[in-house]
Amino acid sequence: MNDAEIIEETIAFVKETLRGAEGGHDWFHIQRVFNNTLLIAKDEKVDVLVVSLAALLHDIADAKFHNGDETVGPKMAEDFLSSLKIDKKTIRHVKDIIKHISFKNSLDKKTKHFDSKELQVVQDADRLDAMGAIGIARTFNYGGFKNRELYNPAIPPKPNMTKAEYKKSNSPTINHFYEKLLLLKDRMNTEAGRKLAEKRHQFMLDYLEQFYAEWNGKV
């Protein structure tokens, strides 16, 4: 099986597995991250098969939809890739990316983190989808899914949470901008990622300005 066939099989597997998933973590999210990954990878020396598979499988079983269990996704990815007889080195690399890609894991200062250029590319691609117009749409979609308040002036954001605090947080959706989305621009790994993040970051700032103006009856 050549690389193109492997990617084709993986896309089919992901589409079927995520059928009916929450709108911010469905196949279309994966597709956007995959496309972002290929775009960023053009300027980086990376294993294209590794970044492609990691992008396609990074949310195959997001922990937030599996009672916080962070082992389900990597195991599911490993089982699938093994069924395609992918070499063990590639599988291990893809698993490591899936384990370490999330924003919440970057908040865990006590754990030694895996790193590779491939992780940096896929992580930037994933973070870009949490920014800008789509990032805003995904944030409110998930907030509605969890029945969270849009905004509550009495509940201030906590931008310096630990991983444990972040996982338990049930704060209003607007707080998520300050607890994650607006922090991403300065955490991008690649030059291409940083350039793409600039415009999306500014769009979020403009959105918040309009939101508060409408909330306070000023426009």
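Below is a short write-up of the structure.

Reading the values: rules and limits
- Residues numbered from 1 in each chain as written.
- Predicted model: local features only at pLDDT ≥ 70, side-chain atom pairs only at ≥ 80, totals over all residues.
- Heavy atoms only, no water.
- Phe/Tyr/Trp six-rings, centres within 6.5 Å; stacked < 30°, edge-to-face > 60°.
- Helix = DSSP H or I, 4+ residues; strand = E, 2+ residues; numbered from the N terminus.
- Buried < 20%, exposed > 50% of the residue type's maximum accessible area, 1.4 Å probe, protein only.
- Expected span 1.5 Å × (residues − 1).
- Core = buried A, V, L, I, M, F, W, Y, C linked by side-chain atoms within 4.5 Å.
- Contact = heavy atoms within 4.5 Å.
- Salt bridge = Lys/Arg side-chain N within 4 Å of Asp/Glu carboxyl O.
- Axes fitted to C-alpha atoms, helices over the stretch in contact; angles between N-to-C directions.
- Parallel < 35°, antiparallel > 145°, perpendicular 65-115°, else oblique.
- Left-handed = near helix turned anticlockwise from the far one by under 90°.
- Nonpolar A, V, L, I, M, F, W, Y, C, P; charged D, E, K, R; others polar.

1. Notes on the packing of aromatic side chains
Okay, step 1: Applying the stated criterion to the full structure yields 11 aromatic pairs.
Okay, step 2: Centre to centre, the rings of F140 and Y207 are 6.2 Å apart; their planes meet at 65°, and the pair counts as edge-to-face. Within this pair, whereas F140 is found in helix α8 (residues 132-145), its partner Y207 is found in helix α11 (residues 191-215), the two being separated by 67 residues in sequence.
Okay, step 3: Residue class for Y207 comes out partly exposed when judged on its relative accessible area of 27%.
Okay, step 4: A centroid spacing of 6.2 Å and a plane angle of 40° characterise the contact between Y207 and F211, whose relative ring orientation is tilted. In this pair, Y207 and F211 both sit in helix α11, 4 residues apart, roughly one turn of the helix.
Okay, step 5: Site record: aromatic cluster; members linked through ring pairs are F140, Y151, F177, Y207, F211, Y212 and W215.

2. Some remarks on helix α5 (residues 88-100)
Structural remark: α-helix, 3.6 residues per turn; residues separated by three or four positions point the same way.
Okay, step 1: Relative to the 18 Å expected for 13 residues at 1.5 Å per residue, α5 spans 18 Å between its end C-alpha atoms, a close match to the ideal helical length.
Okay, step 2: What α5 keeps buried is the set T90, I91, H93, V94, K95, D96, I97, I98 and H100.

3. Quick look at the nonpolar core
Okay, step 1: In terms of nonpolar packing, the biggest core is built from 54 residues, with V14, L57, L81, V94 and F177 touching the most fellow members.
Okay, step 2: Of all elements in the fold, only α1 (3-17), α2 (27-41), α3 (48-57), α4 (72-83), α5, α7 (117-128), α10 (173-179) and α11 reach the threshold of two or more residues within this core.
Okay, step 3: Discounting residues that sit within four places of it in the chain, L81 has contacts with L53, L57, I86, I91 and V94.

4. A look at the environment of T173
Okay, step 1: Its place among the elements puts T173 in helix α10.
Okay, step 2: A sequence separation of 22 residues divides T173 from Y151, and the C-alpha atoms of the two residues are 6.2 Å apart.
Okay, step 3: Once residues within four sequence positions are removed from consideration, T173 is found in contact with T139, F140, G143, R148, E149 and L150.

5. Some thoughts on the environment of R200
Okay, step 1: Within the secondary structure layout, R200 lies in helix α11.
Okay, step 2: The partly exposed category is assigned to R200, whose relative accessible area is 24%.
Okay, step 3: Counting along the chain gives 60 residues from R200 to F140, while the straight-line C-alpha distance between them is 16 Å.

6. Notes on the pattern of salt bridges
Okay, step 1: Per the stated rule, a full pass over the model turns up 8 salt bridges.
Okay, step 2: The shortest N-O distance in the salt bridge between K117 and E44 comes to 3.5 Å. Of this pair, K117 sits in helix α7 while E44 sits in the loop between α2 and α3, placing them 73 residues apart in sequence.
Okay, step 3: What makes K117 partly exposed here is its relative accessible area of 33%.
Okay, step 4: A cluster of three or more residues bridged by salt bridges with shared partners is formed by R32, D129 and R138.

7. Re unusual backbone geometry
Okay, step 1: We note that K85 has phi near 60°; this positive angle belongs to a residue other than glycine.
Okay, step 2: Structurally, the position occupied by K85 is in the loop between α4 and α5.
Okay, step 3: Positive phi, close to 55°, is recorded for N147, a residue that is not glycine.
Okay, step 4: Its place among the elements puts N147 in the loop between α8 and α9 (163-168).

8. Digging into the packing of α2 against α3
Okay, step 1: Packing of α2 against α3 leaves a shortest axis separation of 8 Å and a crossing angle of 155°. Here α2 is positioned roughly antiparallel relative to α3, judged by the angle of their axes. In terms of crossing hand, the pair formed by α2 and α3 is right-handed. Of the residues in α3, those in contact with W27, I30, V33, F34, T37, L38 and A41 of α2 are V48, V51, S52, A55 and L56.
Okay, step 2: Taken together, the residues that form the contact of α2 with α3 break down as 10 nonpolar, 2 polar and no charged.

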